Amino acid sequence: MPSHLFADRPAQPPEPGAVDALISQTRRLRGEVDAVRRDAVADEDDPQQRWQRALCDLAVHQLDDLGAHLGQLRAGVPASASLVDAAEEIEVPVDTAHATVPGTAYGVAAPPRTGSLLSRVGSAEWNLLTDEVSWSDELFQIFGRLRESGPMSLDEMPTMVFAEDQPVLQSMVTDCLIDGKPIDGEFRIVRTDGRVRTVHMTGEPVLDADGCTASMWAVLRDVSELRRSERAVRESRDSLERSRHIELTERRVAVELQEAVLPPWRGSLRFAHDGPAPLDVAAHYLPAASTGLIGGDWYDALALPDGDALLTVGDLTGHGVAATSSMAMLLGALRGMAVAGIRPAALMSHLNQLLETSGQPALGSAMCCRYDPVAQTLAWAQAGHPAPLLFRDGTGHTLRRPEGVLLGATTGAVYGEAETRLLPGDLLVLHTDGLTRGTGADDDTGTRRLLALGPRLAEARDAQDGVRAVVEEFGEESREDDACVMVVRVARRA
């Protein structure tokens, strides 16, 4: 237990120079924290930014309190006028154009401040021998009590304390007066104007020459705004943790849904075996590097009942479960219509209508190809999607796109269909725009980089080797969106 204060041994004041240095440091640090707080003004709907702002508010409150204590320490004897001047002297000017009241970062208005910083700190002494009670002016302000009404005795104080907190105060006072224990605790009071404040009380007994308790002194601090800021930090941190948990859960569900929908095959697959030029197909999904979110990109290759092969890639707007669930719906419809023999252009029209009537409206780009292994022709249609790249003898070019707007963009859209003859040894690269997207609409740098891979693709042993070459070129980039790439090689029948 710390040693008690003795009535005949007054405390020695600190060196003025040391306190002035601490006040200067506090003033400088308070200004720097306030500058960080101004920079932290951001979207209040973002849990992480709300938490950061609440922490800044709490730091400002604590520095304000520290400054008030240092000002009182420098002033020495508690004369109200000089103490208030000392506290106001260390206040830091705040840019009112950007600053907000600390504690409001969580969207709850704080009560008005109770005057200067020092008005939140008061002192009192209760003399047990003479029944005299002395309160500082600041303590009268904290309790909202007129000085003419006089200070309150230890027996009267519980009348202003919350009923649930009265045992806390009574226990602290009893332990101090009887057992000599120091006081350190908090309780809530209801001021005379009806406002509720939280008060932190610290104090010790003062012993006479015989070691008996002669009086009790205490320092009471109004910590209402400080506790409000701390509560805002806790609540914003909890909100941030919940938001992160929801994001992780949604990502896991989106990944599982994507893995369930996209083709399970790895490596190269062969399609259209009935013709003289079967297909060797491989594909790869590249997640967004900047966000880690799962989008609505897809790829698929499917052997059709008539011997043809379906090749498709596409991308729906958005990320997360909503995007992957819409992608699953669209890809399922696409597969069903292709199996039913619907041609690419008509198929795009049906997909457009499906998105229009969907309960989760979205926009999407898509490309659908149907390969005839007997005629060695590729019939294809697109909806606002990058055209296939055709590589022949190591040289690549972009196929001319038929007309077609984004899926879901307009009612009754008409989609054109193109046909290209493929030769054994040809190689097709189908991809979503996340792979080659540039800084602007006319930026074709990514497409030119892809076409420059012609010599490497010509040397590829199979389609999987071709995918590997594309991923090596584009895989390490910090893409803002996810992407899919499919490599289709026209093989010669063995």
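Quick notes on the rules
Within any chain, residue numbers begin from 1 and follow the written order of that chain's sequence. Two thresholds apply to this predicted model, a pLDDT of at least 70 for residue-level local features and 80 or more for giving and counting side-chain atom pairs, whereas whole-chain, interface and lining totals are computed over all residues. For the side-chain quantities, the full set of heavy atoms in the structure was used; hydrogens and water were omitted. Helix numbering and strand numbering both begin at the N terminus, where a helix is a DSSP run of H or I of at least 4 residues and a strand a DSSP run of E of at least 2. Each residue gets one of three labels from its accessible area relative to the maximum for its type: buried under 20%, exposed over 50%, partly exposed in between, using a 1.4 Å probe on protein chains only. The criterion used for residue contact is that any of the two residues' heavy atoms lie within 4.5 Å. A pair of strands counts as paired when DSSP detects no fewer than two bridges linking them. Buried Ala, Val, Leu, Ile, Met, Phe, Trp, Tyr and Cys residues form a nonpolar core when they are joined through side-chain atoms within 4.5 Å. Axis definition: a line fitted to C-alpha atoms, over the contacting stretch in the case of helices. Angles run 0 to 180 degrees between N-to-C directions. Relative orientations are named as follows: roughly parallel for angles under 35 degrees, roughly antiparallel for angles over 145 degrees, roughly perpendicular for angles from 65 to 115 degrees, and oblique for any other angle. Helix crossings are classified by the rotation of the near helix relative to the far one: an anticlockwise turn of less than a right angle makes the crossing left-handed, while a clockwise turn makes it right-handed. The residue classification treats Ala, Val, Leu, Ile, Met, Phe, Trp, Tyr, Cys and Pro as nonpolar and Asp, Glu, Lys and Arg as charged. All others, Gly included, are polar. Helices are assigned an expected span. That span is 1.5 Å times one less than the residue count. An arc is given here, and it is the one of the directions from the helix axis to the C-beta atoms. A side-chain nitrogen of Lys or Arg and a carboxyl oxygen of Asp or Glu constitute a salt bridge if their distance falls within 4 Å. The predictor attaches a confidence to each residue, and that confidence, scored 0 to 100, is pLDDT. Aromatic pairing here means that ring centres of Phe, Tyr or Trp (its six-membered ring) are within 6.5 Å. Orientation follows from the plane angle: under 30 degrees is stacked, over 60 is edge-to-face, and everything else is tilted.

Section: the overall build of the protein chain
Part 1 of the argument: The helix and strand inventory of the protein chain stands at 11 helices and 17 strands.
Part 2 of the argument: Expressed as a percentage of its 494 residues, the buried residues of the protein chain come to 46%.
Part 3 of the argument: Partitioning the intrachain contacts of the protein chain with sequence separation of at least 6 by distance along the chain shows that 66% fall at a separation of at least 24.

Points about the pairing of strand β9 (residues 298–303)
One face of the sheet, then the other: side chains in a regular strand alternate in exactly this way.
Part 1 of the argument: Two elements, β9 and strand β10 (residues 309–316), share six bridges in a ladder whose sense is antiparallel. When the bridges of β10 are listed, tryptophan 298 appears paired with glycine 314.
Part 2 of the argument: The antiparallel pairing of β9 with β10 creates a hairpin that spans five residues between the two strands, and glycine 307 there sits at a positive phi of about 95 degrees.

Concerning the nonpolar core
Part 1 of the argument: Ranked by internal contacts, the top residues of the largest apolar core, which has 53 residues, are Leu279, Trp298, Leu311, Met348, Leu407 and Met486.
Part 2 of the argument: When residues of this core are assigned to their parent elements, the largest contribution, six residues, is made by helix α7 (residues 321–339).

What about the packing of helix α6 (residues 224–261) against α7?
Part 1 of the argument: With their axes 9 Å apart at the nearest point, α6 and α7 run at an angle of 15 degrees to one another. Taken together, the axes of α6 and α7 lie roughly parallel to each other. Along this stretch, α6 crosses α7, giving a crossing that reads as left-handed. Residues Glu250, Val253, Ala254, Leu257, Gln258 and Val261 of α6 pack against Val321, Thr324, Ser325, Met327, Ala328, Leu331 and Arg335 of α7.
Part 2 of the argument: Partitioning the contact of α6 with α7 into residue classes produces eight nonpolar, three polar and two charged.

Here we look at helix α8 (residues 344–356)
Part 1 of the argument: Between the first and last C-alpha of α8 there are 19 Å, a value that for 13 residues agrees with the 18 Å anticipated at 1.5 Å per step.
Part 2 of the argument: Within the span of α8, buried status applies to Pro344, Ala345, Leu347, Met348, Leu351, Asn352 and Leu355. Looking down the long axis of α8, one finds its buried residues gathered within 155 degrees of arc, a one-sided arrangement.
Part 3 of the argument: The secondary structure elements touched by the buried residues of α8 are β10, α7, β11 (364–372) and β12 (377–383).

Focus: the pattern of salt bridges
Part 1 of the argument: Considering all chains together, one arrives at 22 salt bridges under this definition.
Part 2 of the argument: Across the pair aspartate 165 and arginine 188 runs a salt bridge, and its minimum N-O distance is 2.8 Å. Here aspartate 165, found in the loop between α4 (137–143) and α5 (166–179), pairs with arginine 188, found in strand β4 (residues 183–190); they are 23 residues apart in sequence, far enough to count as distant.
Part 3 of the argument: Residue aspartate 165 is classed as buried on the basis of its relative accessible area of 11%.
Part 4 of the argument: When salt bridges with common partners are traced through the structure, they connect Arg30, Asp34 and Asp64 into a single cluster.

So, the sheet that holds strand β15 (residues 418–421)
Part 1 of the argument: Strand order in the open sheet made by the five strands is β9-β10-β11-β12-β15, with antiparallel pairing throughout. Either end of the sheet is taken by a strand with one partner, and the two such strands are β9 and β15. Here the strands of the sheet are splayed against their neighbours by 15 degrees on average, with no regard to which way each runs.

Describing the sheet that holds strand β7 (residues 269–271)
Part 1 of the argument: With antiparallel pairing, six strands are arranged side by side in an open sheet as β7-β8-β17-β16-β13-β14. Each edge of the sheet is formed by a strand with only one pairing partner; in this case those strands are β7 and β14 (395–398). Sheet twist, expressed as the mean angle between neighbouring strand axes with direction ignored, is 25 degrees.
Part 2 of the argument: Taken together, the three bridges between β7 and strand β8 (residues 279–286) define a ladder with antiparallel strand orientation. Its bridge partner lying in β8, arginine 270 is registered against aspartate 280.

Some words on the environment of tryptophan 380
Part 1 of the argument: When you line up the elements, tryptophan 380 lands in strand β12.
Part 2 of the argument: Counting along the chain gives 13 residues from tryptophan 380 to methionine 367, while the straight-line C-alpha distance between them is 7.2 Å.

Description of the environment of alanine 163
Part 1 of the argument: By the element assignment, alanine 163 lies in the loop between α4 and α5.
Part 2 of the argument: Accessibility expressed as a relative area gives 55% for alanine 163, which makes it exposed.
Part 3 of the argument: Sequence spacing of alanine 163 and isoleucine 189 is 26 residues, and the spatial spacing of their C-alpha atoms is 9.4 Å.

Quick word on the confidence of the model for the protein chain
Part 1 of the argument: For the protein chain, per-residue confidence averages 81 on the pLDDT scale, and 81% of positions sit at 70 or higher.
Part 2 of the argument: Every residue in residues 79–118 is under pLDDT 50, and counting partners more than four places away or in other chains gives 90 contacts.

Considerations on the packing of aromatic side chains
Part 1 of the argument: Here the structure, examined in full by the defined rule, presents two aromatic pairs.
Part 2 of the argument: Considering the side-chain rings of tryptophan 135 and phenylalanine 143, the 5.1 Å spacing of their centres and the 45 degrees angle between planes classify their relative orientation as tilted. For the pair tryptophan 135 and phenylalanine 143, a shared accessibility class is recorded, and that class is buried.
Part 3 of the argument: Through a chain of ring-to-ring contacts, three or more aromatic side chains come together here, namely Trp135, Phe140 and Phe143.

Digging into unusual backbone geometry
Part 1 of the argument: Even without glycine at this site, glutamine 376 takes up a positive phi of about 55 degrees.
Part 2 of the argument: Within the fold, glutamine 376 resides in the loop between β11 and β12.
Part 3 of the argument: The backbone phi angle of aspartate 393 is positive, close to 55 degrees, even though this residue is not glycine.
Part 4 of the argument: Summarising the element assignment, aspartate 393 is placed in the loop between β13 (389–392) and β14.
Part 5 of the argument: Judged by relative accessible area, which is 77%, aspartate 393 ranks as exposed.

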